[in-house]
Amino acid sequence: MAIMEFPKDMKWGAATAAYQIEGAAFKDGKGLSIWDTFSHTPGKVLNGDNGDVAIDSYHRYEEDIQLMKELGIDTYRFSVSWPRIFPDGSGEINQKGLEFYHNFVDALLANGIEPMCTLYHWDLPQTLQDTGGWGNRETVDAFADYAELMFKEFNGKIKNWITINEPWCVSFLSNFIGIHAPGKQDLQLATTISHHLLLAHGKAVTRFRESAIEGGIGYAPNVEWLEPFSNKQEDIDACNRGMGFLMEWFFDPVFKGSYPKFMIDWFEKKGVTLQIEEGDMEIINQPIDFLGINYYTGSVGRYKKDEDLFDLERIDIGFEKTDFDWFIYPEGFYRVLTKIKDQYGAVPIYITENGACYNDEVENGRVRDQRRIEYLKQHLTALKRSIDYGVNIKGYLTWSLLDNFEWAEGYDKRFGIIHVDFNTLERTKKDSYYWYKQTISNGWFDMFY
Ligand SMILES: CCOCCOc1ccc(-c2cn(C[C@@H]3NC[C@@H](O)[C@H]3O)nn2)cc1
């Protein structure tokens, strides 16, 4: 047997996000988010899908929690819909919104499941977007006020807080590449937003510390691995720029108190500058209690002038792909985690997202998603290797517990270990659910069975 065994104190979990699962988009006083607006804008989301109903977890969370309990997870990562709490982004509080999350969190705790709460998972109140969104520094303070309210409201119930999910997606994917809400294509704006997001993270940490809240706080950047096609310096440099876009750009300010010079120089060549105000970097560079890491994929890269923003070409050398057309690259998971350890030290890390898109359907009451089991085996093996290297892994949370609304791909891309019929909303445990359940129970798995 090739047993892959994990530390007995490592936490096992699963993750979701409000706009992707809740539905009830216009119910009980919730205000509009930018994803309500974006998904209702023709041409933005595949098949015209939206999160109006999603998988109706707003009404079905008790059923979902029973599925989590049977799965045996220690912790469940969810996000709060900011406009469900502050319909206008700030000011008047929607008590029904607070009531929903209290009922939900109480049900998690009653079933022995530790809540891990993401404060911002992309659903910005539309009213804040109407005044510039994350491009406006006033949104930073609105976020800090929202965060402080949540900290105080749930102090003692929620002990693991994540400020911002995937700041690269919020800034550059959404405001430069433009495929996520609000769908802008402005590099200067996106770069300014990346700074405001880190500032918002820092200000939330300040409020957390000042309020003496029980537990810990971090953020959850997404990372990818880029392996140079050759040892030619131009290939190495191109891959470092591509990785620096997600890693050093969002890690150095938090862990080192400054932006990476090689990226600043590159952006300046593109006519982009950063407006950093006095005191910003000190606010951003505050100690955090853990780092969330979201990893899905990587690729081989090489220099190609004007191929993309970084003169970087991602090439297909035959890696297998998921149904999202992403390369399956478990070695990249090990490489990125060990790079983080080498560059930023043994910061406690939760894998806050790792999983694969496979669109297997229900056949005779069963979902045979063996490819997802293989993906999880390969990436958990890479995780174990990183633990043995000295990476301070505190937990692993798979994305996702349930099939859900996959942003611009709508309901066309399934990441869940539980299948959801998007018409009837019926949940069906996939083969990967049973595999994950056994792995959690054992604390190990056998590579070959
Ligand atoms: C045309 C050019 O395209 C450039 C890259 O385009 C993308 C698209 C999507 C992603 C992406 C999607 N996910 C999964 C989510 N993580 C958070 C959670 O909500 C999951 O649903 N992570 N990254 C990255 C890059």
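Reading the values: rules and limits
Residues numbered from 1 in each chain as written. Predicted model: local features only at pLDDT ≥ 70, side-chain atom pairs only at ≥ 80, totals over all residues. Heavy atoms only, no water. UniProt positions renumbered as here; feature names shortened; annotations may be inferred. Helix = DSSP H or I, 4+ residues; strand = E, 2+ residues; numbered from the N terminus. Buried < 20%, exposed > 50% of the residue type's maximum accessible area, 1.4 Å probe, protein only. Contact = heavy atoms within 4.5 Å. Areas by Shrake-Rupley, 256 points an atom, 1.4 Å probe, with all protein chains shown as cover. Lys, Arg positive; Asp, Glu negative; His and termini not counted. Charge placed at Lys NZ, Arg CZ, Asp CG, Glu CD. Polar contact = N/O pair within 3.5 Å; in protein donor to acceptor, adjacent residues only side chain to side chain.

You'll find the protein chain entered in an unreviewed UniProt entry as Beta-glucosidase, with Planococcus halocryophilus given as the organism. The UniProt entry for the protein chain carries the following comment under Catalytic activity (unreviewed entry): "Hydrolysis of terminal, non-reducing beta-D-glucosyl residues with release of beta-D-glucose."

Chemist: Would you mind showing me how to read the overall build of the protein chain here?
Modeler: Of regular secondary structure, the protein chain possesses 16 helices and 14 strands. Its C-alpha atoms give the protein chain principal-axis dimensions of roughly 55 × 55 × 45 Å. The burial tally for the protein chain puts 61% of its 449 residues in the buried class. Partitioning the contacts of the protein chain with sequence separation of at least 6, the portion at a separation of at least 24 is 76%. For the protein chain, the computed accessible surface area is about 16,700 Å², with 48% contributed by carbon and sulfur atoms. Within the protein chain, one finds 46 positive and 69 negative side-chain charges whose respective centroids are separated by 3 Å.

Chemist: What exactly am I supposed to notice about the UniProt feature "active site" (unreviewed entry) in the protein chain here?
Modeler: Here, the residues flagged by UniProt with the feature "active site" (unreviewed entry) are Glu166 and Glu353. In sequence the annotated residues extend across 188 residues, while in space they remain close, none of their C-alpha pairs exceeding 10.2 Å. Structurally, glutamate 166 is set in the loop between strand S5 (160-165) and helix H8 (167-177). Residue glutamate 166 is classed as buried on the basis of its relative accessible area, which comes to 5%. Those residues within four positions of glutamate 166 in sequence are excluded, and the remaining contacts are Trp122, Ala220, Pro221, Asn222, Asn294, Tyr296 and Glu353. By the element assignment, glutamate 353 lies in strand S10 (residues 349-353). Overall, glutamate 353 belongs to the buried group, its relative accessible area being 3%. Within the structure, glutamate 353 has its side chain in polar contact with the side chain of asparagine 294 (distance 3.1 Å).

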